Amino acid sequence: MGNSLRTDDGVAHLIVDNLSCKMGNCDFIKATQLLPEHIDIIIRYKTAIIIDAEINNHYGLIKLKKLNKENKTPFYASHNIDFFDILSMLKDQDYDIDLFLLTITVKNLGFKDQISGELCKYIPIINKQIFEIVSNV
């Protein structure tokens, strides 16, 4: 999830491009923001991982968090719907889905159609780490 016109916010799209070349047994969807309509896609799977940028001063830090209603830690993003709202909609419908949020910390969300030079330095490492994480979820 991310907007490739907002500098580092597009990092998830780069990661998905890399993963989709390596992992033929997974489905990948690129989205600019999480919408309620995405629930129809998410419920088709047993496990879903949402990859997104998180604003922070440390470029390239990766965090994986299993989302559940009981442990609602705030997540601040530039998107229209809260991840916990999506989770609540899924749980209210009794879908048994393991939903994860994988974030990559970024600093720059200005309007420019490329990843910042600072974050670009970390892309090979980020790709490798995320491939390992996703392979083991």
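Residues numbered from 1 in each chain as written. Predicted model: local features only at pLDDT ≥ 70, side-chain atom pairs only at ≥ 80, totals over all residues. Heavy atoms only, no water.

S.K.: Would you mind showing me how to read the overall build of the chain here?
M.R.: Each helix and strand in the chain was counted, giving five helices and three strands. The secondary structure elements of the chain, listed N-terminal to C-terminal, are α-α-β-β-α-β-α-α. Going through the 137 residues of the chain one by one, you find that 40% of them count as buried. Put simply, 78% of the contacts in the chain that link residues at least 6 apart link residues at least 24 apart. Only carbon and sulfur atoms are counted for the fraction: they give 49% of the accessible area of the chain, which is about 7,900 Å². (Helix = DSSP H or I, 4+ residues; strand = E, 2+ residues; numbered from the N terminus. Buried < 20%, exposed > 50% of the residue type's maximum accessible area, 1.4 Å probe, protein only. Contact = heavy atoms within 4.5 Å. Areas by Shrake-Rupley, 256 points an atom, 1.4 Å probe, with all protein chains shown as cover.)

S.K.: Any chance you could explain the sheet that holds strand 3 (residues 98-106) here in plain terms?
M.R.: In a beta sheet, neighbouring strands pair by backbone hydrogen bonds and run either parallel or antiparallel. Spatial ordering of the open sheet is given by 1-3-2, a layout of three strands whose pairing is mixed. The sheet is open, and its two edges are formed by strand 1 (47-55) and strand 2 (62-66), each paired on a single side. Along the sheet, successive strands turn relative to each other by an average axial angle of 20 degrees, direction set aside. Bridging between strand 1 and strand 3 involves nine bridges; their strand directions are parallel. Paired with E54 across the two strands is T105, which belongs to strand 3. Strands strand 1 and strand 3 of the sheet are contacted by helix 1 (residues 11-22), whose axis makes an angle of about 140 degrees with strand 1. (Pairing = 2+ DSSP bridges. Axes fitted to C-alpha atoms, helices over the stretch in contact; angles between N-to-C directions.)

S.K.: I tried to follow the nonpolar core on my own but got confused; where do I start?
M.R.: Where a protein is soluble and globular, its nonpolar side chains tend to be buried together. Counting 18 residues, the largest nonpolar core has V11, I15, I51, I104, I126 and I130 as the members making the most contacts within it. Not counting residues within four places of it along the chain, the set of residues in contact with I130 comprises I15, L19, I51, I62, L102 and I104. With nine residues, the next largest nonpolar core counts M1, I42, I50 and I97 among its residues. (Core = buried A, V, L, I, M, F, W, Y, C linked by side-chain atoms within 4.5 Å.)

S.K.: For this particular structure, what's the right way to read unusual backbone geometry?
M.R.: Residues apart from glycine generally show negative phi values, whereas peptide bonds are mostly found in trans. Phi at T7 is positive, roughly 45 degrees, even though this residue is not glycine. For T7, the location among the structural elements is in the segment before helix 1.

S.K.: Looking at this model, I keep getting lost on the side chain of T105. Mind explaining?
M.R.: Structurally, T105 can be placed in strand 3. Residue T105 is classed as buried on the basis of its relative accessible area, which comes to 0%. Contact partners of T105, with chain neighbours within four places excluded, come to E54, N56, H58, Y59, G60, L61 and L119.

S.K.: What is the right way to read the side chain of D8 from this model?
M.R.: Tracing the sequence through the fold places D8 in the segment before helix 1. Leave out the neighbours within four places in its chain, and D8 touches A53, Y59, V106, K107, N108, L109, I115, S116 and L119.

S.K.: Which parts of the structure should I look at to understand the packing of helix 1 against helix 5 (residues 123-136)?
M.R.: Describing two packed helices takes the angle between their axes plus the distance from one axis to the other. The interhelical angle for the contact between helix 1 and helix 5, taken along N-to-C directions, is 60 degrees, at an axis separation of 10 Å. Taken together, the axes of helix 1 and helix 5 are oblique relative to one another. In the crossing of helix 1 with helix 5, the sense of the turn from one axis to the other is right-handed. Across the interface between the two elements, V11, L14, I15, N18, L19 and K22 of helix 1 pack against I123, I126, N127, I130, F131 and V134 of helix 5. When the residues that make up the contact of helix 1 with helix 5 are grouped by side-chain class, the tally is nine nonpolar, two polar and one charged. (Parallel < 35°, antiparallel > 145°, perpendicular 65-115°, else oblique. Left-handed = near helix turned anticlockwise from the far one by under 90°. Nonpolar A, V, L, I, M, F, W, Y, C, P; charged D, E, K, R; others polar.)

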